[in-house]
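# Close look at the chain arrangement
So you can see what is in the structure, the chains are spelled out below.
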Amino acid sequence: MSNPTYEPKFETRCLHSLVKVFADTELNESPFSRATVLHNETYAFQVAYRTNAAYKNIQVSAASDLSDSIMIRSVGLVPSEFPMYADHDGNLLRLTPGLYPDPLFPIGRDGVNALPNQWRSVWVSLDISQQIASGIHSIQIRFALENGDLLGSETFELDVVPVSLPKQRLVHTEWFHTDCIATYYGVEVFSEEHWHRIGQFVQTAASHGMNMLLTPLFTPPLDTAVGGERPTVQLVDVEKDGGTYRFGFDRLKRWVDMATVAGIQYFEFSHLFTQWGAKHAPKIMAIENGEYKRIFGWETDALGEAYKSFLGQFLPALVDFIRANGLNERSYFHVSDEPNMDHLESYRSASETIKGFLEGFPMIDALSDYDFYDKGLVEYPIPANNHIEPFLENNVPNLWTYYCCVQYRDVANRFFVFPSVRNRVLGLQLYKFQIAGFLHWGYNFWYSQYSKKAIDPFRVTDAGQGFPSGDAFLVYPGEQGPVESLRLEVFYEAIQDLRALELLESQIGRDAVLLLLEEGLEKPITFSDYPNDADWLLGKREQINHKIAESSSGVPYIRLGYTIPFVDLSTEKEKQVLTDREPGQYLGQPDSVLLNDGTIYTVYPKGHGIGPLILKKSSDGGLTWSERLSTTASWATSQETPTVYKIEKPDGKIRLELISGLVRDGNEGFQTAYSENNGATWSELKPYFQDQGKAGIVALASLTRLKNPDDSWAYRWMGIFHDFSYNNWKTYLTFDANGNEQWSTPMRLLAEHDAIEKYAGLCEIEVIRSPDGKQLALLARAQFKKTNAMITFSNDEGNTWTEPKEMQGALMGERHKAEYDPVSGRLLITFREIIRRSATNLDDWVAGDWVAWVGTYDDLVHFREGQYRVRLMEDYTPSVRSGDTGYAGNVVLADGTYVLTSYGYFDPQDTRAPYIMTVRVKLSELDQRMNN
């Protein structure tokens, strides 16, 4: 029987590249939809999807001006029987055998399938060439049925910074197993089909930062059982005539040319002695007496005269080939892989055998015992990242590192079960310790351990239960060529992070970069101690990008959107208090004031700005509100949004000062009323500056007490308002000897910055004093949406101001109201959210919700994004632009409780008129939520 309550549902969520989406696990990752990227970089994000039905052949497409640079692939699942060793360090996503996300499959005509109640994802990558315009680019990923019906979509905003990543300096090799390609595809070694496949996989390697290629002079003696044999993949032809050898290098030349075209810079020639001890020769095939046969192998004593004689003839010939082909600076050699202290003497003998023939060429080997370097046996050691400390302590130059299956505790690696941040963090470590090269043994090892049999890597991901899944290979063999993995993509992101740090170093110096890299960390980064948090790493890369942009342009990097975390309080009814509501009646634009005894008053118009003023109070910190209080008759004449402030007069009396503008379409200044008995009674409204040609919109948006030259408080307050021509005016409030208020003739606030003031439409200004009391910061709404909201600073009590600059998109909004948290000293600034979606299409914006920003004054000074954003209430204004909300009263109690009061269309079921709500919140509560 069918379920009559069943409704098909299709969910989507934008995610960053460090998330692994499991089909059998609830997706708890927060949405991620904004980032920066540099030119000459590849950027990737994911879109996860889930349905409660079964959909086949879903078409996935991208709508963007970057469409030509976008590739979308489906994140496939592969099995793991051997996820991890038993004595792991606990830093895992899971430990169970099962299906893991890894291969990135091309999406063909048939699209993707969605199976009931399983999260899956698509991987979206963009190659950002230097031809792509800087600025914000919107990428919409759409999921549609074959008939075109839209199932769902997500939009990602990518901000292209007009600075290019430099060329990669790190030497990077992932061992290339030529024989595995021939075996899997069932082709003859070095047939034309084999060469074609080799070229495909080399190209993929090079495009992901692998600039060194393992080159099989002879079949590499790697991961082969003693006495066992891997398929012959020998690039050098050998003819043996008694004790004389002749060599042919035609295949080697083809290999070098092919790899060079693909982008390979360096060649590491395969090991000249067997793995784990250098006791035998590699398998070497030759023509002898017309027969093609093995002349050296496991039966060959590495130190015997036969093999020494062979090397004495081969190596000079190879060096001649290298020099003839201009490969002198591109060639590296190996002795034997992973020797330990038991192999010290055999390794010494092998090394000495070849050293004289290879003078001037780097000799590199993976080994972890410092004695090999200390005794001069290897010039360029490659210690594992869990054994690298002695090499670092002794300042070994041009140091490399590697990891393999044994490096599974504490250090970075890329196993299936590891979080992707543990893969990507290596880029930061490589930078900090100035590592010259990185090596890994498994680019495409598709055999079981010790190469005993071939495996299908789509079905066996642990080398026949030899190594934890993720160690043996980074690419899969697809029908059309390489199928990349998300681990491959994330590792390349690590290399790009390294290049970004190197670029920043060239701009600001290494010491400054290291300070930035470890800013805020309790411990310095090491190879075994590092932040294991994806948000931290992604945020750090954003910080690096911003600093690069600033250093390149000489101005702070400003973004449209924001990347700081987001907290949504809009559904938390326990934090919300209904302040006032009248069905069908517009109630809006409140302001609040906190009295010394803890009483809070809020005042707002009965109408959109214009209208009789309504006054309410709360005696319990905003938990409840009184009925509407009686007011004087003149309050019914208010023509503008009211503001209210608490000031201390020269006679010591506390005055509540209420200000409201006069006729909106006139030039009649503003009017004020006051109370000197804690709001029990109020004066009539009194007009100022009528018929002087000065309108007073949101008068006064700020009223700031000023200081004397000796840093003492003056009995002088600076009030700011603006007119319809977007001139901002300042007027000074003082009191005469009888205690009567006086307002100075308004004068221009930002006359020296008139062009910026008019271009941006600066208005509704909030003024914040710095924590040390010496500076004022002015935050201004940007009415024309050509810019973000702007900020300027004064170091002389508002007499002069710095040139207004855009704030970060995290503060883009209207009617900022700021208060310091008495507990932590941070700022909470509440405002109406404005979402600008294009730096060029100035009409592409909407007003959003009632939001708040949490950060420090120092964040404002240094144009940082701050700590996090908060949605206080969601707005449902029934208009194209939406967002009629966010003018708010902002007061904070002694215990750090913010009492925030605003208006808006907060009821999605009734959008006839906005009403007034209060939200109560502490920063400590928000901090705890962020920590969790």
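The residue numbering used here restarts from 1 in each chain and proceeds along that chain's sequence as written. This being a predicted model, a pLDDT of at least 70 is required before a residue's local features are given, and a value of 80 or more before pairs of side-chain atoms are given or counted; all residues contribute to the totals for chains, interfaces and linings. Heavy atoms throughout the structure, all of them, feed into the side-chain values; hydrogens and water do not.

Right, let's get into the overall build of the protein. From N to C terminus, the protein includes 15 helices and 50 strands. Principal axes of the C-alpha set define a box for the protein whose edges measure 120 × 75 × 45 Å. Across the 932 residues that make up the protein, the buried fraction comes to 60%. Pairs of residues are marked as contacts when any of their non-hydrogen atoms sit within 4.5 Å. In the protein, the share of contacts with a sequence separation of at least 24, taken over all contacts with a separation of at least 6, comes to 65%. The Shrake-Rupley method, run with a 1.4 Å probe, gives the accessible areas here. Residue values count only the displayed protein chains as cover. Within the structure as shown, the protein displays about 35,900 Å² of accessible surface, and the carbon and sulfur contribution to it stands at 47%. Considering the protein, the positive charge centre built from 86 side chains and the negative charge centre built from 123 side chains are found 3 Å apart. Numbering goes from the N terminus for both helices and strands, where a helix is a DSSP run of H or I of at least four residues and a strand is a run of E of at least two. Between buried and exposed lies partly exposed: a residue is buried under 20% and exposed over 50% of the maximum accessible area for its type, with that area taken using a 1.4 Å probe on protein chains only. Counted charges follow a simple rule, with Lys and Arg positive, Asp and Glu negative, and His plus the chain ends left uncounted. Here the site of a charge means NZ on Lys, CZ on Arg, CG on Asp, or CD on Glu.

Once that is clear, we can look at the pairing of strand β45 (residues 827-836). Counting buried positions along β45 gives nine out of 10 residues, so the element sits mostly inside the fold. The pairing criterion for strands is at least two bridges between them, as found by DSSP. Pairing of strand β44 (residues 813-820) with β45, which is carried by six bridges, proceeds in the antiparallel orientation. In the sheet register, Glu814 faces β45, and the bridge partner there is Arg832. A loop of six residues connects β44 with β45, the two strands running antiparallel in sequence, and Gly825 in this loop sits at a positive phi of about 80°. Pairing of β45 with strand β46 (residues 845-855), which is carried by nine bridges, proceeds in the antiparallel orientation. Bridge pairing in β46 links Leu828 to Val854.

Turning to empty space enclosed by the protein, a few remarks are in order. A pocket here means an open set of points on a 1 Å grid, computed over the protein atoms alone, that has protein on both sides within 12 Å along at least five of seven lines. A cavity is instead a set of points where a 1.4 Å probe fits but cannot get out; residues with an atom within 4 Å of a point line either one. Grid points are joined across faces, edges and corners, and a volume is the space filled by probe spheres set on the points. Scanning the model with the defined rule gives six cavities of 30 Å³ or more in all. Approximately 140 Å³ is the volume attributed to the largest cavity. Around the largest cavity, the lining is made up of 16 residues, and of these Thr36, Tyr43, Arg424, Leu538 and Arg541 lie nearest the centre. Among the elements of the structure, β2 (34-39), β3 (41-51), α10 (486-508) and α12 (534-553) are those that each provide at least two residues to the lining of the largest cavity. Asp, Glu, Lys and Arg are counted as charged, while Ala, Val, Leu, Ile, Met, Phe, Trp, Tyr, Cys and Pro are counted as nonpolar; the rest, among them Gly, fall into the polar class. Across the lining of the largest cavity, the residue classes tally to five nonpolar, five polar and six charged.

Here the focus is the nonpolar core. If you look at the biggest cluster of nonpolar residues, it comprises 187 residues, and the most contacted ones within it are Phe45, Phe143, Val238, Phe273, Phe310 and Phe314. The dominant element in this core, judged by the number of residues it contributes, is α10, at 11 residues. Excluding residues within four positions of it along the chain, Phe310 makes contact with Phe218, Val238, Tyr245, Phe247, Ile284 and Phe296. Throughout, nonpolar core names a set of buried Ala, Val, Leu, Ile, Met, Phe, Trp, Tyr and Cys residues whose side chains join them through atoms within 4.5 Å. Within the second largest apolar cluster, 24 residues are counted, among which are Ala777, Ala789, Trp845 and Phe863.

A word on the pattern of salt bridges. Here, a salt bridge means any side-chain nitrogen of Lys or Arg that lies within 4 Å of a carboxyl oxygen of Asp or Glu. Counted according to the given criterion, the structure contains 66 salt bridges. Here Arg422 and Asp89 are joined by a salt bridge, their closest N and O atoms 2.6 Å apart. Pair noted here: Arg422 is in helix α8 (residues 421-424) and Asp89 is in the loop between β5 (70-80) and β6 (98-106), with a separation of 333 residues, a long-range link. With its nearest N and O atoms 2.8 Å apart, the salt bridge here joins Arg487 to Asp102. Separated by 385 residues along the polypeptide, Arg487 in helix α10 and Asp102 in strand β6 bring together distant segments of the chain. Here Arg487 and Asp102 have matching classes, each one buried. In the salt-bridge network here, residues are joined through shared partners; they are Lys649, Asp651, Arg655, Glu657, Glu676 and Glu741.

The strand order across the open sheet formed by four strands is β14-β13-β16-β17, and the pairing between neighbours is mixed. Looking at which strands have only one partner, the edges of the open sheet turn out to be β14 (244-248) and β17 (291-296). The mean inter-strand angle of the sheet, taken between neighbouring strand axes irrespective of direction, is 40°. Across two bridges, strand β13 (residues 237-241) lies against strand β16 (residues 284-288) in parallel orientation. Counted as the bridge partner of Lys240 is Glu288 from β16. Here, axes are lines fitted to C-alpha atoms. For helices the fit covers the stretch in contact, and angles between N-to-C directions go from 0 to 180 degrees. Set on the sheet, helix α4 (residues 305-324) makes contact with β13, β14, β16 and β17; between it and β14 the angle comes to about 40°.

Inspection of the secondary structure assignment puts Gly661 in strand β31 (residues 654-661). Here Gly661 falls in the buried class, since its relative accessible area comes to 0%. Along the chain, Gly661 and Ile614 lie 47 residues apart, while their C-alpha atoms are 15 Å from each other.

The next subject is the sheet that holds strand β8 (residues 120-128). Here five strands make up an open sheet; going across it, the order is β1-β3-β8-β5-β6 and the pairing antiparallel. Each edge of the open sheet is held by one strand with a lone partner, namely β1 (10-16) and β6. On average, each strand axis in the sheet is inclined to that of its neighbour by 30°, with strand direction left out of account. Judged from the seven bridges that link them, β5 and β6 form a sheet pairing that is antiparallel. In the strand pairing of β6, Val78 is matched with Tyr100. Where α10 meets the sheet, its contacts fall on β3, β5, β6 and β8, and the angle it forms with β6 comes to roughly 75°.

Given a rise of 1.5 Å per residue, 16 residues ought to cover 22 Å, and the 23 Å separating the end C-alpha atoms of helix α2 (residues 192-207) matches this to within 8%. For α2, every residue scored as buried is listed here: His194, Trp195, Arg197, Ile198, Gln200, Phe201, Val202, Thr204, Ala205 and Ala206. Contacts from the buried residues of α2 go to α1 (178-185), β12 (212-215), α3 (250-262), β23 (475-478), β24 (481-484) and α10. Multiplying 1.5 Å by the helix residue count minus one yields the expected span of that helix.

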